[in-house]
Amino acid sequence: MSVPVLDVQGLAYAYPDGHQALFGVDLHVHAGERVALLGPNGAGKTTLVLHLNGILVAGQGSVSVSGLPVEKKHLAEIRRRVGIVFQDPDDQLFMGTVRADVGFGPANLGLSGAALDARVMDALDKVGMTEFADRPPHHLSFGQRRRVAVATVLAMEPEILVLDEPSSNLDPASRRELADILRSLDVTVLMVTHDLPYALELCPRSVVLSDGHVVADGATYDVLTDDALMRANRLELPFGFDPRTIDAGLLPVATRGRGSDTLPG
Amino acid sequence: MGGAHGHQLHFHGHSPVHRAPAHLKIVALVVFMLVVVATPRGWWPAYAAYLAVLLAVVATSRVPPTYLLKRMVVEVPFVFFALLLPFVATGPETEFLGLTVSESGLHAGAKLLVTATLGVIASLTLAATTEPQALLRGLTRLRMPALLVQIMGFMVRYLEVVTDELRRMKVARESRGFSARDPRHWPVLARSFGALFIRSFERGERVHLAMLSRGYTGKMPS
Amino acid sequence: MHVPDGFLDAPTSVATGAVAVVAVGVSLRKAREELDDRTAPLAGLVAAFIFATQMLNFPVAGGTSGHLMGGAIAAVLVGPWTGVLATSVVFLVQCLLFADGGITALGTNIVLMGVTTVVVGWFVFRGVQAVLPRTTAMVPVAAGIGAFVSVPVAALLFVGLYAVGGAADIPLGQLTGAMVGVHVLIGLGEGVITFLAVGSIIAVRPDLVHGARSVLKTRTLEVRTAGAAA
Ligand SMILES: Nc1ncnc2c1ncn2[C@@H]1O[C@H](COP(=O)(O)OP(=O)(O)OP(=O)(O)O)[C@@H](O)[C@H]1O
Ligand SMILES: [Mg+2]
């Protein structure tokens with residue numbers, strides 16, 4: 001089996017105020033997989049995500065990306081490969097205009113002039129925000145800011161795309177358009193979400209995090225239909241939604257990489 | 001000690017003074033003030049000429065004079081000092097407006113008043129016509145070391161967050177009947193200072209980490 | 001206490017300017033040892049803070065008020081070298097963007113309120129730390145004492161500079177008495193505020209306090225085996 005592109009082993013982390021958020025997380029994601037990361041509020045999902053490009057540094061255990069351990073000397077390379085869309089778009093957008101913001105990453109990668117422009121407009125086009133290119137990000141609505149935040153990361157053309165609750169605050173059409181974008185990209189995706197139908201629609205595999213460690217890892221369909229697991233981890237399907245009634249042909253299949261593990265008892 | 005700082009002093013406009021490159025404006029300010037400071041006391045016509053030059057620049061910039069006047073309060077403590085000088089300085093004495101005052105004190109006070117005023121107007125004009133980001137680029141062109149530019153960049157960015165939160169906390173405190181009148185109130189001020197520090201740092205830290213995530217290495221791509 | 005243009009004569013201003021350039025230059029080289037990719041923004045924040053709190057005058061006595069100088073707290077939070085840089089940036093921004101302190105007096109202001117308070121604050125902080133028990137609880141105490149001492153020292157230096165390059169002869173004894181007297185009170189305020197502020201930062205983010213690094217314990221993390229809580 002190939003080396004996982006994301007390889008997290010025994011990861012434990014405590015925030016500087018002493019609050020421990022992760023208690024030994026194991027997670028392996030292979031190239032081309034689309035994996036949903038599920039779990040209740042405060043489970044440690046965002047904390048885990050922040051370790052994937054070295055923003056937080058493992059207290060114990062290890063994180064590596066495409067075989068490179070996440071440590072200071074590999075950070076530049078790792079940050080080029082892993083693109084993270086943060087949970088709060090206001091943390092992501094900091095330049096004066098949408099165009100400058102989306103261009104920030106590619107410019108750091110050395111692009112300039114027409115190539116940079118093309119990259120920026122292409123990314124904005126994917127999220128349907130080209131006409132907002134010259135507006136200041138803080139004048140946009142929350143959902144628009146979220147779309148720009150996605151564009152800032154797409155513009156860097158990462159190999160691994162990590163999204164922290166990308167569908168929250170999107171209107172239904174934007175939510176679907178984002179799904180189309182994610183499906184069309186040839187990248188590995190790790191998506192944190194509370195939107196279980198979205199996980200089922202996009203990700204063949206799901207990992208459930210609870211109280212700072214992994215409690216389940218398997219096919220999304222199996223996770224969502226395991227009532228005991230769902231109840232134990234405060235996961236609830238939206239009213240009227242039942243995965244069992246969905247035509248299996250509509251579910252995503254794992255095309256590459258490893259399909260699913262078995263659910264731990 | 002020190003009056004109130006106004007908030008962001010930039011006055012939006014499109015005059016030639018606004019458009020002039022920031023590094024030239026900084027150099028002009030420094031040279032102008034060096035000349036003013038080096039002018040011996042008593043050369044009143046020269047000072048009148050400086051003032052005329054300065055007022056011409058202000059007029060070209062189309063920044064309303066009242067806008068500048070209101071912001072000249074930073075000078076107030078030293079106006080007091082200048083006005084006091086003739087009375088506390090030693091040395092030979094003269095008559096001025098019917099008062100017996102120290103001659104050297106009178107001259108020193110007058111010169112201080114004039115130079116400080118020219119300095120404040122000149123700096124305010126620079127501040128009013130130059131955005132902080134342009135200033136940063138200007139200083140970079142003038143070869144200010146990258147680390148200082150970087151710290152200053154973060155400072156300017158944090159300033160808005162901090163002053164905003166500071167104002168909000170002050171309003172919150174005062175709307176609950178608290179106002180800082182004597183040293184017994186220091187603990188309240190200090191604790192809100194600590195809380196504010198952490199709050200703004202964490203907000204800024206997240207933005208900084210987002211920048212690092214997108215390949216930022218300390219230099220803004222231009 | 002921001003010195004405006006024309007307050008000191010040209011030779012004194014040039015001399016303090018030269019001292020400031022050297023101090024900043026040395027700090028730039030040394031600061032690289034204190035800085036990592038997270039402390040540059042921290043230094044910027046400390047600068048923004050000193051700036052913002054200088055707007056916040058605190059009441060002293062008899063109708064006078066003082067504001068934080070901030071050198072000591074900067075030194076404790078980001079280390080002395082970066083502290084010099086942060087305070088210098090404050091005075092640069094104040095003079096360029098807010099007309100507070102003259103541009104030809106920039107060196108004077110940096111030396112008086114930046115370098116002096118940082119250096120005095122840091123050495124006193126270290127000295128006090130050396131005699132007190134090495135715990136995090138003592139860090140704010142040492143910081144407060146450092147801050148308290150730094151202010152009257154800066155005031156003394158101010159009088160000294162005025163004696164050398166002041167515009168008029170005023171009785172130095174009286175000036176010294178008045179300046180030091182007032183600044184002992186202001187220093188008290190600075191000390192108390194520094195003590196409380198460093199204390200509240202250490203309680204939540206001890207990692208942000210440079211001066212606490214030597215006394216921070218390393219934490220042991222708990223690891224739960226996978227599935228244990230499921
Ligand atoms: N900066 C911080 N300092 C201290 N503790 C924190 C910090 N950020 C998060 N925590 C704590 O760590 C735990 C995990 O938080 P995290 O943000 O990773 O949760 P999450 O799974 O992303 O939740 P949500 O679904 O609400 O986004 C929580 O208990 C939280 O209170
Ligand atoms: Mg989260």
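For the structure itself, consult the block above.
Predicted model, so just to flag it, every value in this text is computed and none were measured.

Caption draft 1: How the structure looks around the overall build of chain A. In terms of helices and strands, chain A carries 10 helices and 10 strands. The C-alpha radius of gyration of chain A comes to 18 Å, within 12% of the 18 Å expected for a compact globule of 265 residues. Based on the C-alpha atoms only, the size of chain A along its principal axes is roughly 55 × 45 × 40 Å. Counting every position in chain A, which comprises 265 residues, the buried fraction comes to 56%. A separation threshold of at least 6 residues defines the contact pool for chain A, and within that pool the share at least 24 residues apart is 65%.

Caption draft 2: Expanded view of the overall build of chain C. Helix and strand counts for chain C come out as seven helices and two strands. The linear arrangement of helices and strands in chain C, starting from the amino end, is α-α-β-β-α-α-α-α-α. Burial statistics for chain C: of 230 residues in total, 61% are counted as buried. A fraction of 76% describes how many contacts in chain C between residues 6 or more apart in sequence connect residues 24 or more apart. For chain C, the exposed area adds up to about 7900 Å²; of that, 68% sits on carbon and sulfur atoms.

Caption draft 3: Fine view of the coordination of the magnesium ion (ligand 2). All names here are of chain A. Protein coordination of the magnesium ion (ligand 2) is provided by Thr46 (OG1) and Gln87 (OE1), with donor distances spanning 1.9 to 2.2 Å. Of the two residues, Thr46 sits in helix α1 (residues 45–51) while Gln87 sits in the loop between β6 (82–85) and α3 (89–92), which places them 41 residues apart along the sequence. On the accessibility criterion, Thr46 (27% relative accessible area) is partly exposed. Under the relative-accessibility criterion, Gln87 is labelled partly exposed at 32%.

Caption draft 4: Focus on the packing of helix α4 (residues 98–108) of chain A against helix α5 (residues 113–126) of chain A. Residue and element names in this part refer to chain A. For the pair α4 and α5, the least separation of the axes is 9 Å and the interaxial angle reads 120 degrees. When the axis of α4 is compared with that of α5, the two are oblique. The chirality of how α4 crosses α5 is right-handed. Between α4, through Val98, Arg99, Val102, Gly103, Pro106 and Ala107, and α5, the contact on the second element is made entirely by Leu116, Asp117, Arg119, Val120, Met121, Ala123 and Leu124. Per-class residue counts for the contact of α4 with α5 are nine nonpolar, one polar and three charged.

Caption draft 5: Structural detail: the pattern of salt bridges. Residue and element names in this part refer to chain A. A complete count under the given rule lists 17 salt bridges over all chains for this structure. Across the pair Glu77 and Arg81 runs a salt bridge, and its minimum N-O distance is 2.8 Å. Linking Glu77 with Arg81, this pair stays in helix α2 (residues 75–81), spanning four residues, or about one helical turn. Salt-bridge contacts for Asp180 lead to Arg176; the nearest nitrogen and oxygen are separated by 3.0 Å.

Caption draft 6: Representation of the site of ligand 1. Residues and elements named next belong to chain A. Contacts to ligand 1 come from 15 residues, most closely from Asn41, Gly42, Lys45, Thr46 and Thr47. Here Gly44 contributes a backbone N or O atom positioned 3.0 Å from an oxygen atom of ligand 1. One of the side-chain nitrogen or oxygen atoms of Thr46 is found 2.6 Å away from an oxygen atom of ligand 1. For ligand 1, whose unbound accessible area comes to 630 Å², protein coverage reaches 69%. A total of three residues in the shell around ligand 1 trace back to one element, the largest contributor, which is α1. A per-class count over the shell around ligand 1 returns four nonpolar, eight polar and three charged.

Thresholds applied
Residues numbered from 1 in each chain as written. Chains lettered and ligands numbered in written order. Predicted model: local features only at pLDDT ≥ 70, side-chain atom pairs only at ≥ 80, totals over all residues. Heavy atoms only, no water. Helix = DSSP H or I, 4+ residues; strand = E, 2+ residues; numbered from the N terminus. Rg over C-alpha atoms; globule rule 2.2 N^0.38 Å. Buried < 20%, exposed > 50% of the residue type's maximum accessible area, 1.4 Å probe, protein only. Contact = heavy atoms within 4.5 Å. Areas by Shrake-Rupley, 256 points an atom, 1.4 Å probe, with all protein chains shown as cover. Donors = N, O, S within 2.8 Å, 3.2 Å for Na, K, Ca; no water. Axes fitted to C-alpha atoms, helices over the stretch in contact; angles between N-to-C directions. Parallel < 35°, antiparallel > 145°, perpendicular 65-115°, else oblique. Left-handed = near helix turned anticlockwise from the far one by under 90°. Nonpolar A, V, L, I, M, F, W, Y, C, P; charged D, E, K, R; others polar. Salt bridge = Lys/Arg side-chain N within 4 Å of Asp/Glu carboxyl O. Near = heavy atom within 4 Å. Polar contact = N/O pair within 3.5 Å; in protein donor to acceptor, adjacent residues only side chain to side chain.

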